[in-house]
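# Secondary and tertiary structure notes
The chain contents come next:
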Amino acid sequence: MTFRKWSASLVGLLLVLVACGGTAGTTTTAEVASTTPTTAGEEPLTTTAAPDTSTTATGTGEGLTFGMILVGPQDDHGWSQAHYEAGLYMEEQLGAEMIVLDKVNGADRPDTTVEQVVDDMVSQGAQLIFATSDDMRDGILAGAANHPDVPMIWSSGDSAWAEGEAYEPDLTNLGNIMGEMEFGKMMAGCAAALTTQTGSIGFVGPLINDETRRLANAAYLGARYCYENYRGEDPNALQFAVNWIGFWFNIPGVTLDPTNVTNEFIDGGADVLISGIDTTEALVRTGQRAEAGESVWAIPYDFRDACDQAPDACLGVPFFNWGPSYVEVGQSVIDGTFTPDFQWLGPDWADINNSETSMIGFTQGPALSAEAATSLDEFTAGLADGSINLWTGPLNYQDGSPFLADGEEATPKQIWYTGQLLEGMEGASSAE
Amino acid sequence: MTRRIASFLVPLAVALGITALLLIVAGAPPLEALGLIGEGAFGDTTRIADTLTAWIPLGMAAAGLVVTFRAGLWNIGVEGQIIAGAIAASAVSRSAPGGPAIVIPLLLLAGVLGGALWGWLAGILRVKGRVNEIFGGIGLGFVAQSFATYLVIGPWKRAGVASTSGTEPFREETWLPTIGDTRLSWVGLTLLVIALVGVGFMLGRTRFGLRLRAVGSNPASARLLGVPANATLYWAFLWGGGLAGLAGGLLVAGLQHKLVPAIAGGRGFLAVLVVLLARNRVAFVAPIALFFAAISVGSSQLQLRLDLDSSLGAVIQGVLVLAAVLYAGWQARRVLVKRLAASAEATV
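Residues numbered from 1 in each chain as written. Chains lettered and ligands numbered in written order. Predicted model: local features only at pLDDT ≥ 70, side-chain atom pairs only at ≥ 80, totals over all residues. Heavy atoms only, no water.

Looking only at helices and strands, chain A features twelve helices and 14 strands. Long-range pairs, those at least 24 residues apart, make up 69% of the contacts in chain A between residues at least 6 apart in sequence. For chain A, the exposed surface amounts to about 15,600 Å²; the carbon and sulfur share of it is 48%. (Helix = DSSP H or I, 4+ residues; strand = E, 2+ residues; numbered from the N terminus. Contact = heavy atoms within 4.5 Å. Areas by Shrake-Rupley, 256 points an atom, 1.4 Å probe, with all protein chains shown as cover.)

Here is the structure:
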């Protein structure tokens, strides 16, 4: 065999492998295409995710320049897009300018660390930086320590919580913002329980940590409550299983494939899927199976318009609206009044879908029946006026140990740092 | 020599031309975009240091590949060998006591051994099992990848967490010492230079290098001439795997400071492309690996400054290799046609 002969055939194989190997090449074709309005094989984007004119100019010297570090693609119809759109909202509200880098994770960008991105953004004039993933913890702690004069926000983190378990008092430039998504997940669980015909709900979970246990538990509590109170069924008969894929989104060869997990749930009898991951595979796959005639539904996560991916199978979506809180932080940096706070923000109960005031919202989907919608509204009203507090004992952990005694209400710390799934849920509370 | 330089420059020009076209289609000024990649890779001390940091593991893995390629072995398993080295280095980082002077040499040695073990396994499959090293290597790569994922999400998980995002960072004594304020380590840089020079010397000036070449060009006649072919193959796998494993150890101790499942991050496959582009010459491996590292580090500027998708960097790398291989094929065909024409003339 000559070197040349082999080279030619190898290169073909290699280019495929490089693509599959999870380097920045993974999304090459789709992403190059995304500068045109449609992405190959996907629905047209309904949002302004494609690069537009607003952020191309740099260094004009006007207003605030801020950096936005995203863990996934900025058009993922989920977690990262919700942050990206909050950045666009900041640009619009504050006349600020966003520097954005998406897909900052070890699989997509092996040679780029969060610490490096922070350096880059600061050298480009960023006066405020958002690191928007749990996964960026080590990087943003280092980045904040490297640039103590630049205010930063680690979204979903707890490093600025004085009562928290991971408080970093020395990082006086690093704040945290998170939403009380428990409420959104309770609504999701409720909508699932109101709809299920098989009495079996599947939760497509990301990785296992305090946050994801907290949110899976919230979904379960909402499901139990609505199954019992609006449908008159025995909540103990409700099946609620969690399957964790291993990361916030699919990484081929590393995580479980969320599409497969969705299929397995449906094949196993679940007819409503609740997604806890950053992307919309659970809804997309469920939508395909619904189109093929099955009675199945899904509830995506994170992003206001996520239902658009498969509207006919979508019961609704609990979403984050980061814009208002990010604008507030941006304004504080402009005013010179930034403080490194830990903010855990709830919905604006007057109107949870108000894009200017509410951190957490819930868009009802086209597949939700009118009857279920009425019950869900009633449930939401109960959460709003405090007449329904599902974090009330008696509640046990999955292993039977007590979480809350009879009548005891959970403290914020007990809710944030949830050690286990709850009794009655199937699935792993931690790694086996 | 001019032909050899042309075989490097012509594809480069073609690749840059295609990339420029792509950029124009994407609505970006091509010169500014390429300039930004360059600036992102070499614009200031920090960026040069980051580019060199990316160069170290890529160059190291490529240096090891030159050895196996010389023996005629298509060691695609290099990605898995990097992971195996990273796992072994992580095991030492987690458990070995002592200060940096003890623990860093230990963990790097563990990396070499881990990678060499993985290379040796591919060798056994090849020699004893008659499994082509391409398939053996890919299979072993999956095994290493799965094992790393298992460790990160299982036995080595963070307390209360099961995530593939990585282990808890290892203690600071296991981190490679850096130069000034940068993230670049002189340990890694020195080791890379030693590896490149060492491989070059070994291939060009030693009996082992000669054997590799003999086995690589014609194993049957090498055996007839008394070259221990199987032993030579094993040694080639040990060298290739060992250097890839060292790259894995350097990634753990010099960049991530923890084990992540995607620790190799496609660098193994990229290293194969580097070596193909270098036509298996160690002298060309160094600059080409540096060039690839620069694109990899600098291309994030496309998004930061121009709002373009920075995957374009990977497109440039891919187009470059395709152009190089096509050019090499075209060259060889031209030579062949000339020869045929000459022999036809001679017979007339």
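With the rule as written, the count across this model stands at 16 salt bridges over all chains. When the shortest N-O distance is used, the salt bridge between glutamate 39 of chain B and arginine 305 of chain B registers 3.8 Å. Residue glutamate 39 of chain B is located in helix α2 (residues 30-42), and its partner arginine 305 of chain B is located in helix α13 (residues 300-306); the two are separated by 266 residues in the primary sequence. In this structure, a network of salt bridges that share partners links the residues Arg137 and Asp138 of chain A together with Arg158, Glu168 and Lys258 of chain B. (Salt bridge = Lys/Arg side-chain N within 4 Å of Asp/Glu carboxyl O.)

In this section: empty space enclosed by the protein. Residue and element names in this part refer to chain B. Considering all chains together, one arrives at ten cavities of 30 Å³ or more under this definition. When its volume is computed, the second largest cavity comes out at roughly 90 Å³. Along the walls of the second largest cavity sit Thr53, Ile56, Pro57, Leu176, Arg183, Ser185, Gly188, Leu250, Leu251, Gly254 and Leu255, which together make up its complete lining. Going through the elements one at a time, α3 (45-70) and α10 (229-256) are the ones with two or more residues in the lining of the second largest cavity. No other element matches the four residues that α10 contributes to the lining of the second largest cavity. (1 Å grid on protein atoms, 1.4 Å probe; cavity = no way out; pocket = protein on both sides within 12 Å on 5 of 7 lines; lining within 4 Å. Points joined across faces, edges and corners; volume = space filled by probe spheres on them.)

Here the focus is the state of the cysteines. Residues and elements named next belong to chain A. Under the defined criterion, the tally for this structure stands at two disulfides over all chains. Between cysteine 190 and cysteine 226 runs a disulfide, and the two sulfur atoms are separated by 2.0 Å. Judged by the sign of its S-S torsion, about -100°, the bond between cysteine 190 and cysteine 226 is left-handed. Placement of the pair is cysteine 190 in helix α6 (residues 181-195) and cysteine 226 in helix α7 (residues 210-229), with a sequence separation of 36 residues. Overall, cysteine 190 belongs to the buried group, its relative accessible area being 0%. Note on cysteine connectivity: cysteine 307 is disulfide-linked to cysteine 314, with sulfurs 2.0 Å apart. Here the S-S torsion is close to -60°, and the disulfide linking cysteine 307 with cysteine 314 is therefore left-handed. Counting its disulfide-bonded cysteines in sequence order, chain A shows a connectivity of 1-2, 3-4. (Disulfide = S-S within 2.5 Å. Buried < 20%, exposed > 50% of the residue type's maximum accessible area, 1.4 Å probe, protein only.)

What follows is about the sheet that holds strand β9 (residues 297-299) of chain A. Residue and element names in this part refer to chain A. Spatial strand order, β7-β6-β8-β9: four strands in an open sheet with parallel pairing. What marks the edges here is a single partner per strand, and that holds for β7 (239-244) and β9. Taking each pair of neighbouring strands and ignoring which way they run, the sheet shows an average axis angle of 20°. Pairing of strand β6 (residues 200-205) with strand β8 (residues 272-275) involves four bridges; the strand directions are parallel. (Pairing = 2+ DSSP bridges. Axes fitted to C-alpha atoms, helices over the stretch in contact; angles between N-to-C directions.)

Attention now goes to the packing of α3 of chain B against helix α11 (residues 267-277) of chain B. All names here are of chain B. The N-to-C vectors of α3 and α11 enclose an angle of 60°; their axes lie 8 Å apart at closest approach. By the angle class used here, α3 and α11 are oblique. At the point where α3 passes α11, the crossing takes the right-handed sense. Residues Pro57, Leu58, Ala61, Ala62, Leu65, Val66 and Phe69 of α3 touch α11, and the partners they reach there are Arg267, Gly268, Leu270, Ala271, Val272, Val274, Val275 and Leu276. Looking at the contact of α3 with α11 residue by residue, the classes come out as 13 nonpolar, one polar and one charged. (Parallel < 35°, antiparallel > 145°, perpendicular 65-115°, else oblique. Left-handed = near helix turned anticlockwise from the far one by under 90°. Nonpolar A, V, L, I, M, F, W, Y, C, P; charged D, E, K, R; others polar.)

All names here are of chain A. Ordered in space as β2-β1-β3-β4-β5-β11, the six strands form an open sheet in which the pairing is parallel. Looking at which strands have only one partner, the edges of the open sheet turn out to be β2 (97-101) and β11 (342-345). Across the sheet, the mean angle from the axis of one strand to that of its neighbour is 20°, orientation sign disregarded.

Glancing now at the domain arrangement of chain A. Residue and element names in this part refer to chain A. On domain assignment, one finds that chain A holds domain 1 (61-179 + 322-358) and domain 2 (182-319 + 364-416). Taken over C-alpha atoms, the centre of domain 1 sits 27 Å from the centre of domain 2. Between domain 1 and domain 2, the contact holds 28 residues from the first and 28 residues from the second. Summed over both sides, the interface between domain 1 and domain 2 buries roughly 2,300 Å², with carbon and sulfur atoms accounting for 67% of that surface. (Domains from an automatic or database assignment. Buried area = accessible area lost by both parts, 1.4 Å probe.)

This brings us to a nonpolar patch on the surface. A cluster of nonpolar side chains, contributed by Val10, Val14 and Ile18 of chain B, occupies part of the molecular surface with about 200 Å² of accessible area. What makes valine 10 of chain B partly exposed here is its relative accessible area of 32%. (Patch = residues over 30% accessible without salt bridge, like charges linked within 9 Å, V, L, I, M, F, W, Y side chains within 5 Å.)

Turning to the side chain of histidine 83 of chain A, a few remarks are in order. Residue and element names in this part refer to chain A. Positionally, histidine 83 belongs in helix α3 (residues 79-94). At a separation of 3.0 Å, a polar atom in the side chain of histidine 83 contacts the side chain of tyrosine 326. Histidine 83 has contacts with Met68, Leu70, Thr132, Ser155, Trp322 and Tyr326, leaving out every residue within four places of it along the chain. (Polar contact = N/O pair within 3.5 Å; in protein donor to acceptor, adjacent residues only side chain to side chain.)

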